[in-house]
Amino acid sequence: MSTVDIMIVDDSPIIRQKLTVMLEQIGYRVVQTAATGKEAIAAYRNQRPDLVTMDITMPDMDGIEATRAIIGEFPDAKIVMVTSHGQEKMVLEALKAGAKGYVIKPFQPHVVYEAIQKACRRTVDQAKVQAIIEQRLNTTES
Amino acid sequence: MTQIDRIMSSIACRTREYLGAEFGVTITAANAHCSESDQLTLPRMTTVIALGGNINMLVAFGFDERLIDLIFDKMTEGLEVGEDEVAMYREAATGEAVNTILGHCTGDLADDAGGVITMTPPVILEGVKTIRRMKDASFYTQNLDSAFGQVTVNLVGPRMIFDNHLDYATQENHEHR
């Protein structure tokens, strides 16, 4: 498994630490943390991590708004929500904002791992599809 | 079932589930009542979260000291916490516990008409606090018992007449009513 650079966004220092320990034990690399939506946007611009884990309820700016802002500026950004919100409508809002996955707290390592892998695989699949399309176009033209 | 009954039932159920699964704490008894007293006294460390949408109330959780110790110890297992950070992490641990419980409750309580139930980040109130009931305010209290002490859940509403520290929002609000 290739290393994935991750940014953790959560207003709880406990969650930031616990997720860091968990993700690093799995084999990922935590390159940045942020405690609010606004901090997350600024940090993303600076760091451009491979993936972001994003809480929803935060002071200053919530995680769905931050997701929308990051995806608006960086459409290829991969964001997985990690939150206690259990409403279906909240999940839909997050996915509409551009999140690639949703994990409910309290989180288990295997669930977080699967969500991250799935989010990362989507981009790999898109690249493959694009390459196939281009190859077919080149074949057709020739 | 009234809306208050639904809210209290969901909170009791999710608290029982969460404390049981994460901390091995069994809730042995739960009683809910609509407080008719003129004042509400909150325990020494109380976590307040405001719920929006069709709920529109503030929820104040208080845990007995032994429960706070247990939650803190379990949540910080394997983490580095400096001596000067213990107080902050104790607050963070209880805040996260309440945030998780109520987050799960929003799934139970959301309805199609009401839209999304929003939550505010947890606010920790230190020190015993007394709230006097003004004209339109309502207080509902639920106590959940365990071998590690009590969880006290207070519902305070309506949300618009209180701020997130459970102070009345403005003097005009009181007089207007």
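Rules used in this analysis
Residues numbered from 1 in each chain as written. Chains lettered and ligands numbered in written order. Predicted model: local features only at pLDDT ≥ 70, side-chain atom pairs only at ≥ 80, totals over all residues. Heavy atoms only, no water. Helix = DSSP H or I, 4+ residues; strand = E, 2+ residues; numbered from the N terminus. Rg over C-alpha atoms; globule rule 2.2 N^0.38 Å. Buried < 20%, exposed > 50% of the residue type's maximum accessible area, 1.4 Å probe, protein only. Contact = heavy atoms within 4.5 Å. Phe/Tyr/Trp six-rings, centres within 6.5 Å; stacked < 30°, edge-to-face > 60°. Core = buried A, V, L, I, M, F, W, Y, C linked by side-chain atoms within 4.5 Å. Disulfide = S-S within 2.5 Å. Axes fitted to C-alpha atoms, helices over the stretch in contact; angles between N-to-C directions. Parallel < 35°, antiparallel > 145°, perpendicular 65-115°, else oblique. Left-handed = near helix turned anticlockwise from the far one by under 90°. Nonpolar A, V, L, I, M, F, W, Y, C, P; charged D, E, K, R; others polar. Salt bridge = Lys/Arg side-chain N within 4 Å of Asp/Glu carboxyl O.

Student: Talk me through the overall build of chain B; I want residue IDs and the actual numbers.
Tutor: From N to C terminus, chain B includes four helices and eight strands. In terms of overall dimensions, chain B is globule-like: its C-alpha atoms have a radius of gyration of 16 Å, near the 16 Å expected for 177 residues. In terms of principal-axis extent, the alpha carbons of chain B reach across some 50 × 35 × 30 Å. With 177 residues in all, chain B has 49% of them scored as buried.

Student: Pulling in residues and values, what's your account of helix 2 (residues 37-47) of chain A?
Tutor: An α-helical turn contains 3.6 residues, so a residue and the one three or four places further along point in the same direction. All names here are of chain A. Buried within helix 2 we find Gly37, Ala40, Ile41, Ala43 and Tyr44. Against the buried residues of helix 2 lie strand 1 (5-9), strand 2 (29-34), strand 3 (51-54) and helix 3 (63-73). Of the residues flanking the end of helix 2, it is arginine 48, one or two places downstream, whose phi is positive at about 45 degrees.

Student: Account for the side chain of threonine 152 of chain B, naming residues and giving values.
Tutor: Relative to the helices and strands, threonine 152 of chain B resides in strand 8 (residues 149-157). What makes threonine 152 of chain B buried here is its relative accessible area of 15%.

Student: Got a sec to walk through the packing of aromatic side chains? Specific residues and values, please.
Tutor: Residues and elements named next belong to chain B. Counting across every chain of the model gives five aromatic pairs over all chains. Where tyrosine 18 meets phenylalanine 23, the ring centres are 5.5 Å apart and the plane angle is 80 degrees; that geometry is what we call edge-to-face. Pair check on accessibility: tyrosine 18 and phenylalanine 23 agree, each one buried. For the ring pair phenylalanine 61 and phenylalanine 63, a centre distance of 5.9 Å and an interplane angle of 35 degrees mean the geometry is tilted.

Student: Explain the nonpolar core residue by residue, including any values.
Tutor: A general trend in soluble globular proteins is that nonpolar side chains are found buried together. Formed by 41 residues in total, the largest nonpolar core has its most connected members in Ile11, Phe61, Leu102 and Leu155 of chain B. Secondary-structure elements contributing two or more residues to this core are helix 1 (3-23), strand 3 (45-51), strand 4 (57-63), helix 2 (65-75), helix 3 (86-109), strand 7 (138-146) and strand 8 of chain B. The greatest single-element share of this core, amounting to nine residues, is contributed by helix 3 of chain B. Once residues within four sequence positions are removed from consideration, phenylalanine 61 of chain B is found in contact with Ile11, Thr15, Met45, Thr46, Thr47, Val98, Ile101, Leu102, Val151, Thr152 and Val153 of chain B. Among the nonpolar cores identified, the runner-up in size contains 25 residues, and Met7, Met61, Ala66 and Ala94 of chain A belong to it.

Student: If you had to explain the state of the cysteines to someone new, which residues and values would you point to?
Tutor: Residue and element names in this part refer to chain B. One pass over the full model with this rule turns up zero disulfides over all chains. Cysteine cysteine 13 shares no disulfide, and the gap to the nearest cysteine sulfur, in cysteine 105, comes to 8.0 Å. Note on cysteine 13: relative accessible area 40%, which makes it partly exposed.

Student: Outline the packing of helix 1 of chain B against helix 2 of chain B, listing residues and values.
Tutor: All names here are of chain B. Where helix 1 meets helix 2, the closest approach of the two axes is 11 Å, and the angle between their N-to-C directions is 50 degrees. Comparing the axis directions of helix 1 and helix 2 gives the class oblique. Judged by the twist between their axes, the crossing of helix 1 over helix 2 is left-handed. Side by side, helix 1 and helix 2 meet where Tyr18, Leu19, Glu22 and Phe23 of the first sit next to Leu70, Ile71, Lys74 and Met75 of the second. The residue makeup of the contact of helix 1 with helix 2, split by class, is six nonpolar, no polar and two charged.

Student: Tell me about the pattern of salt bridges, and please be specific about residues and values.
Tutor: Residue and element names in this part refer to chain B. Counted by the stated rule, this structure contains 15 salt bridges over all chains. Arginine 90 is the partner of aspartate 69 in a salt bridge, and the nearest nitrogen-oxygen pair spans 2.6 Å. Residue aspartate 69 is found in helix 2, and its partner arginine 90 is found in helix 3; the two are separated by 21 residues along the sequence. Under the relative-accessibility criterion, aspartate 69 is labelled partly exposed at 32%.

Student: Account for the packing of helix 2 of chain A against helix 3 of chain A, naming residues and giving values.
Tutor: Packed helix pairs are specified by the crossing angle of their axes together with the interaxial distance, meaning the distance between the axes. Residues and elements named next belong to chain A. As a packed pair, helix 2 and helix 3 sit with axes 9 Å apart at the nearest point and diverge in direction by 20 degrees. Classed by the angle they form, the pair helix 2 and helix 3 counts as roughly parallel. As for how helix 2 packs across helix 3, the hand of that crossing is right-handed. Here Gly37, Ala40, Ile41, Tyr44 and Arg45 of helix 2 lie close against helix 3, whose contacting residues are Ala66, Ala69, Ile70 and Glu73. The residue inventory of the contact of helix 2 with helix 3, partitioned by class, reads six nonpolar, one polar and two charged.

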